[in-house]
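The lines below spell out each chain.
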Amino acid sequence: MSEASAEQPQAAPHPPFPKDAKLSEQLAYLHNVFAGKPMLFRDMVGVLGAHAPLLLIILLALLFTVPNPIPVSAPFGFAIVVVAISLLRGREPRFSEKILNARFSPSVHDKLVRFSARISKGIERWLHPGRAAVILATPARERLHVFGLLLAGVYLLLPLPVPFSNTFPAWAIMFVASGLIGRDGVFVMLGHAVLVAGVFYLVFLGATMAVVMNQLWDWITGLF
């Protein structure tokens, strides 16, 4: 190593964004910095992290709305739960080394950022700060909505081989977290409604499968 290079200070490669930065702005930054090369989860936390935990939850939830499955969705679902619990306790989120070392390949990262950028810009266009403000009027009410994020995160972790089973809680998280950031009570309640719809979807699908299996069993036993 040359003397000049030894004296050159090491700059922080991924400075965090200010807390009020839009998700679309942070996604554009992530895309520019990591385009064409792998990105670790710790890189994402370095940009979003404790300065904007709700933005981090939104970005993690976007992983479950990408058309093709993301192979690291399970640890990221757990990360959503970790962040939600930290918010409920009023502390900064802390992640295990396994989660921090979860890796995006360049192709997955590019697909995720391009898709999520379109979604985030659409959400930002419809947010209206101060709408239905009574829903977010007190810290206790805000914590109640964060508990909804926690439930949706647990929902994402359930090993359900059911089509669209992750779609409902992912969109619920995005709406609730976006509403909390943008102080839009309508968005928050829309997120809770989507989560309830997801539960009814599973119940309806389970009941339908039970009826079909019973009829199939009756048909098989009637053959003998």
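All of these numbers come straight from a predicted model, not from anything done at the bench.

**Some details on the overall build of the protein chain**
Right, on to step 1. Of regular secondary structure, the protein chain possesses 10 helices and 2 strands.
Right, on to step 2. In the protein chain, the succession of α and β elements from N to C terminus is α-α-β-α-α-α-α-β-α-α-α-α.
Right, on to step 3. Of all 224 residues assigned to the protein chain, the portion counted as buried reaches 42%.
Right, on to step 4. Contacts in the protein chain between residues at least 24 apart in sequence constitute 72% of all its contacts with a sequence separation of at least 6.

**Quick look at helix H2 (residues 23-34)**
Right, on to step 1. Look at H2: 16 Å from first C-alpha to last across 12 residues, which is about the 16 Å you get at 1.5 Å a residue.
Right, on to step 2. Where H2 is buried, its residues contact strand S1 (39-40), helix H3 (41-47), helix H4 (53-62) and helix H7 (106-126).
Right, on to step 3. Just downstream of H2, Gly-36 is the residue with a positive phi angle, here 80°.

**Focus: the packing of aromatic side chains**
Right, on to step 1. Under the defined criterion, the tally for this structure stands at 4 aromatic pairs.
Right, on to step 2. Ring geometry for Phe-41 against Phe-95: centres 5.2 Å apart, planes inclined by 85°, an arrangement best described as edge-to-face. Within this pair, whereas Phe-41 is found in helix H3, its partner Phe-95 is found in the loop between helix H5 (73-89) and helix H6 (97-100), the two being separated by 54 residues in sequence.
Right, on to step 3. With a relative accessible area of 14%, Phe-95 lands in the buried category.
Right, on to step 4. With 5.4 Å between their ring centres and 70° between their planes, Phe-175 and Phe-187 make a pair best called edge-to-face. Here Phe-175, found in helix H9 (residues 167-182), pairs with Phe-187, found in helix H10 (residues 185-222); they are 12 residues apart in sequence, far enough to count as distant.

**Some remarks on empty space enclosed by the protein**
Right, on to step 1. Across all of its chains, the model carries 1 cavity of 30 Å³ or more by this definition.
Right, on to step 2. Reported here for the largest cavity is a volume of approximately 30 Å³.

The rules behind these values
By convention here, each chain's residues receive numbers from 1 onward along its written sequence. For a predicted model such as this one, the threshold for reporting local features is a pLDDT of at least 70, and the threshold for listing and counting side-chain atom pairs is 80 or more; totals across whole chains, interfaces and linings nevertheless cover every residue. As a rule here, side-chain values come from all non-hydrogen atoms in the structure, and water together with hydrogens is ignored. For helices the rule is a DSSP run of H or I covering at least 4 residues; for strands it is a run of E covering at least 2, with both sets numbered from the N terminus onward. Any residue under 20% of the maximum accessible area for its type is buried, any over 50% is exposed, and the rest in between are partly exposed; the area is computed with a 1.4 Å probe on protein chains only. Residues count as neighbours in contact if any of their non-hydrogen atoms are within 4.5 Å of one another. Under the convention used throughout, the expected extent of a helix is 1.5 Å for every residue step, that is, one less than its residue count. Aromatic rings from Phe, Tyr and Trp, with only the six-membered ring used for Trp, were paired whenever their centres fell within 6.5 Å, and each pair was classed as stacked if the ring planes differed by under 30 degrees, edge-to-face if by over 60, and tilted otherwise. A cavity here means a set of 1 Å grid points, computed over protein atoms only, where a 1.4 Å probe fits but cannot escape. A pocket is an open set with protein on both sides within 12 Å along at least 5 of 7 lines, and lining residues have an atom within 4 Å of a point. Grid points are joined across faces, edges and corners, and a volume is the space filled by probe spheres set on the points.

What is shown is where atoms sit, not what they do.
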